[in-house]
Every structure is written in structure tokens, then in C-alpha cells.
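Chain by chain, the residues:
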Amino acid sequence: MGYAQLVIGPAGSGKSTYCSSLFQHCETMRRTIHIVNLDPAAENFDYPVAMDIRELISLDDVMEELGLGPNGGLMYCMEHLEENLDDWLTEELDNYLDDDYLVFDCPGQIELFSHVPVLKNFVEHLKRKNFNVCVVYLLDSQFLTDVTKFISGCMASLSAMVQLELPHVNILSKMDLVTNKREIEDYLNPEPRVLLSELNKRMAPQFGKLNKALIELVDQYSMVSFVPLDLRKESSIRYVLSQIDNCIQYGEDADVKVKDFDPEDD
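What you are looking at is a predicted structure, and each value in this text was computed from that prediction instead of being measured. (Residues numbered from 1 in each chain as written. Predicted model: local features only at pLDDT ≥ 70, side-chain atom pairs only at ≥ 80, totals over all residues. Heavy atoms only, no water.)

1. Side note on helix H3 (residues 70-83)
Rule in force here: Here a helix means four or more residues in a row that DSSP labels H or I, a strand means two or more in a row labelled E, and each is numbered from the N terminus. A helix is expected to span 1.5 Å for every residue after the first. Each residue gets one of three labels from its accessible area relative to the maximum for its type: buried under 20%, exposed over 50%, partly exposed in between, using a 1.4 Å probe on protein chains only. Whether two residues are in contact is decided by their heavy atoms, any of which lying within 4.5 Å being enough.
The end-to-end C-alpha distance of H3, which contains 14 residues, comes to 20 Å, matching closely the 20 Å that a straight helix rising 1.5 Å per residue would cover. Taken as a whole, H3 has its buried residues at Gly-73, Leu-74, Met-75, Cys-77, Met-78 and Leu-81. Buried-residue contacts for H3 involve helix H2 (59-66), helix H4 (85-93) and helix H5 (118-128).

Given below as C-alpha cells:
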């Protein structure tokens, strides 16, 4: 059985930085992971790329030949990847062992994980190849400056949950850049009454019932919660990785290592 992280989130949320820091952390721990680039527009990497979608299709070539813009070109590239799951991706995956750990660095277009079926079909292909997959959804912590943005981030994450139907770990990235940690902590363990009060203050009165329904969705079902990630701290990276490993049951089927000790000679 293989293991995989699908790293998604809005553009600029720190997905590639997360992948780079995760690779360095695992290298220090003498643990092997393989980073896969699924962004056809990416150019520079701070980590060794094990698989690269640009070997299959390049965004620059698509924009030049088809006259598409950046967003339309990227969607075309991802649909081309979907059409080549049984060819290119299967051939690439055959290069890895059954217990290898892959991390897929995805593009930041939100439609890819909200309603377009490309990533869902990609995930289904990984499952058929006997991979345990976990979604890692990154959200910029500086995005959470007020309750309306918090609810918006929760809804975007929930949309990805519903679309991909996978174990989910939501991460607040760039915690090292946050100046007032207390403001963020209010959203890590949110008090529903306080959220509803703040939301009602910022929204028109006719949205009262909608606000109440949104807060109940976040609170009662406990569908969305965030784990803070400070890349300056090894302990923070280690904690996030342990949460993800637990979701995909990494290491649970490993054999126990037994060491025999010979009795000392007289």
C-alpha cells in the first residue's frame, strides 16, 4: 500500500513552501518522501521533483499554441492530465514501491477542488493503485482577520471535502508571519455565540438566518477545524505530519523490529 498527500489551497497559501519544508524535515529525520509537481505553471523548486506534470504538458506551450489565458490554459493542462491517467501517471507510479510516500503539490485554482472533477478523478486513480490519500488544505493565516473571512475559508475547505471525499487536514499556514497570535487563536477554538454576534454585526439584518445556519454548520458538525503551522518550528511540522500520517494510517502495517541480544560470555 502506498501513501499520498494531496496539497491544495488557494493561490499564495504556501503550498510549495510547505512541500519544501516537509521534504527538509523528513530528510533530517531520515524518512523518504517524494514530491510530485502537478502545477504546469511552476518554474522554480526548493525540493527535488520526483514527478513533474510539465514532462507531460507545459502551460507556456498551451497558451502559445491555443491562444488561451493563464487560467484557461491551466484548466486545459489539468484536463489533459485527466485524459492521461492510465498512461503517463500509471507509468510514473510504477517507478515507486508499494510503501512509498508521495506528496502532490497542486495548482491554486480553487475550481479544481470545488466543482471541476479533475482532482476527484485523479484521486480515484490513486485509490485504484492502492494508495491511501489524505487532503492537506492550506489557508493563509493572515486571511483570518475577521469572522467573515473565517467563514469563507471554512466554506471553501468544506467544498473541497464534499468534492474529494477524502480524509482532510486543514492547515493555517504562515503562522510565523502573524503578529497578533491571540486573534488567530480565537478561530482555532471558535465560540459559536461570539462568531454569530460578530457575523450579525458585519452583515445586513436579512442575512440573520443564513448566518445562524453557517455558524451551526461549523460548530455542531465539527466538520472544519484548523491546525496552525509555523515552519520555523520543527515541533510544529512534526505535529502536522503526525496528524496527516494518522489519517492515512502510515506505518500501522509496518513490521515490528526485534533485536536479539546474545547473553554475555562469562
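The discussion continues.
2. Observations regarding the sheet that holds strand E2 (residues 34-37)
Convention followed: When DSSP finds two or more bridges between a pair of strands, those strands are recorded as paired. Inter-axis angles, ranging from 0 to 180 degrees, are taken between N-to-C directions of lines fitted to C-alpha atoms, where helices are fitted over the stretch in contact.
Strand order in the open sheet formed by seven strands is E3-E2-E4-E1-E5-E6-E7, with parallel pairing between adjacent strands. Two strands in the sheet have a free side with no partner beyond their single neighbour: strand E3 (49-52) and strand E7 (226-228). Averaged over all pairs of adjacent strands, the angle between strand axes in this sheet comes to 30°, irrespective of strand direction. As paired strands, E2 and strand E4 (residues 101-105) are joined by four bridges and run parallel to one another. Paired with Val-36 across the two strands is Phe-104, which belongs to E4. Each of E3, E4 and strand E5 (131-140) is contacted by H4, which is oriented at about 165° to E3, the strand it contacts most.

3. What about the packing of helix H6 (residues 147-164) against helix H8 (residues 192-202)?
Just so we agree on the cut-off: Put simply, angles under 35 degrees are roughly parallel, angles over 145 are roughly antiparallel, angles from 65 to 115 are roughly perpendicular, and the rest are oblique. By the convention adopted, Pro, Cys, Tyr, Trp, Phe, Met, Ile, Leu, Val and Ala count as nonpolar, Lys, Arg, Asp and Glu as charged, and the other residues, Gly among them, as polar.
Relative orientation of the contacting elements H6 and H8 amounts to 110°, with a least axis distance of 9 Å. Judged by the angle between their axes, H6 and H8 are roughly perpendicular. Where H6 abuts H8, its residues Val-147, Thr-148, Phe-150 and Ile-151 lie against Leu-195, Glu-198, Leu-199 and Arg-202. Among the residues forming the contact of H6 with H8, the class breakdown is five nonpolar, one polar and two charged.

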